[in-house]
Amino acid sequence: MKDLKILISIILIIISFFLGFLFSERKHSLDKIDKKQRQVNIEIMKTKLKITKNSQDVEVYVNWVKNETWSIDILKN
């Protein structure tokens, strides 16, 4: 009976160690995910605006229409 309690305690300690390691690795990977800066550069020229993005994750809308390219030139009338 005493050996069974010791065996169960050892198994629970080992399982808790691996669960703690798993959760710490998961937290570390979640913290690393969103470090990249996503930016949109708006360059104002005399006759146009030039909008450029640095990531595919950034969505740029012009007049509420989604633009799929990396760069947009808006001409002034």
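These numbers come from a predicted model, not from an experiment.

Calculation notes
- Residues numbered from 1 in each chain as written.
- Predicted model: local features only at pLDDT ≥ 70, side-chain atom pairs only at ≥ 80, totals over all residues.
- Heavy atoms only, no water.
- Helix = DSSP H or I, 4+ residues; strand = E, 2+ residues; numbered from the N terminus.
- Buried < 20%, exposed > 50% of the residue type's maximum accessible area, 1.4 Å probe, protein only.
- Contact = heavy atoms within 4.5 Å.
- Areas by Shrake-Rupley, 256 points an atom, 1.4 Å probe, with all protein chains shown as cover.
- Pairing = 2+ DSSP bridges.
- Axes fitted to C-alpha atoms, helices over the stretch in contact; angles between N-to-C directions.
- Patch = residues over 30% accessible without salt bridge, like charges linked within 9 Å, V, L, I, M, F, W, Y side chains within 5 Å.
- Salt bridge = Lys/Arg side-chain N within 4 Å of Asp/Glu carboxyl O.
- pLDDT = per-residue confidence, 0-100.

Asker: For this particular structure, what's the right way to read the overall build of the protein?
Answerer: Broken down by element type, the protein carries one helix and five strands. Ordering the α and β elements of the protein from the N terminus gives α-β-β-β-β-β. Across the 77 residues in the protein, those meeting the buried criterion constitute 9%. Long-range contacts, defined here as pairs at least 24 residues apart, represent 18% of the contacts in the protein between residues at least 6 apart. Element-wise, carbon and sulfur atoms account for 62% of the exposed surface of the protein, whose accessible area totals about 7300 Å².

Asker: What is the right way to read the pairing of strand β2 (residues 48-53) from this model?
Answerer: Regular strands place side chains that alternate from one sheet face to the opposite one. In terms of strand pairing, strand β1 (residues 40-44) meets β2 through five bridges, oriented antiparallel. Considered in β2, the bridge of isoleucine 42 is made with isoleucine 51. Counted along the chain from β1 to the antiparallel partner β2, the turn is three residues long. Both β2 and strand β5 (residues 71-75) contribute to a ladder of five bridges, which runs antiparallel. Bridging from a neighbouring strand, threonine 52 pairs with serine 71 of β5.

Asker: Just checking my understanding: could you explain the sheet that holds β1 for this structure?
Answerer: Whether parallel or antiparallel, the strands of a sheet pair through hydrogen bonds between backbone atoms. Pairing is antiparallel in the open sheet, where three strands are placed in the order β1-β2-β5. Edge positions in the sheet fall to β1 and β5, since each of these pairs with one other strand and no more. Neighbour-to-neighbour, the strand axes of this sheet turn through a mean angle of 15°, independent of strand direction.

Asker: Just to check I follow, could you spell out a nonpolar patch on the surface for this structure?
Answerer: Judged by side-chain polarity, Met1, Leu4, Leu7, Ile8, Ile11, Leu12, Ile15, Leu19, Leu22 and Phe23 come together as a nonpolar surface patch covering roughly 1000 Å² of accessible area. The topology assignment puts leucine 19 in helix α1 (residues 2-33).

Asker: Would you take a moment to explain the confidence of the model for the protein for this structure?
Answerer: For any part of a model where pLDDT is low, the fine detail of the predicted coordinates should not be relied upon. Per-residue pLDDT for the protein has a mean of 78; in total, 83% of the residues score no lower than 70. Confidence scores differ between elements of the protein, with β5 showing the lowest mean pLDDT of 72 and α1 the highest of 83.

Asker: Before we go on, may I ask you to explain the environment of isoleucine 42 in this structure?
Answerer: Its place among the elements puts isoleucine 42 in strand β1. Through-space distance from the C-alpha of isoleucine 42 to that of lysine 53 is 8.9 Å; in sequence the pair is 11 residues apart. If sequence neighbours within four positions are ignored, isoleucine 42 has contacts with Leu49, Lys50 and Ile51.

Asker: How should I be thinking about the environment of isoleucine 44 in this particular structure?
Answerer: Within the secondary structure layout, isoleucine 44 lies in strand β1. A sequence separation of 30 residues divides isoleucine 44 from isoleucine 74, and the C-alpha atoms of the two residues are 9.9 Å apart.

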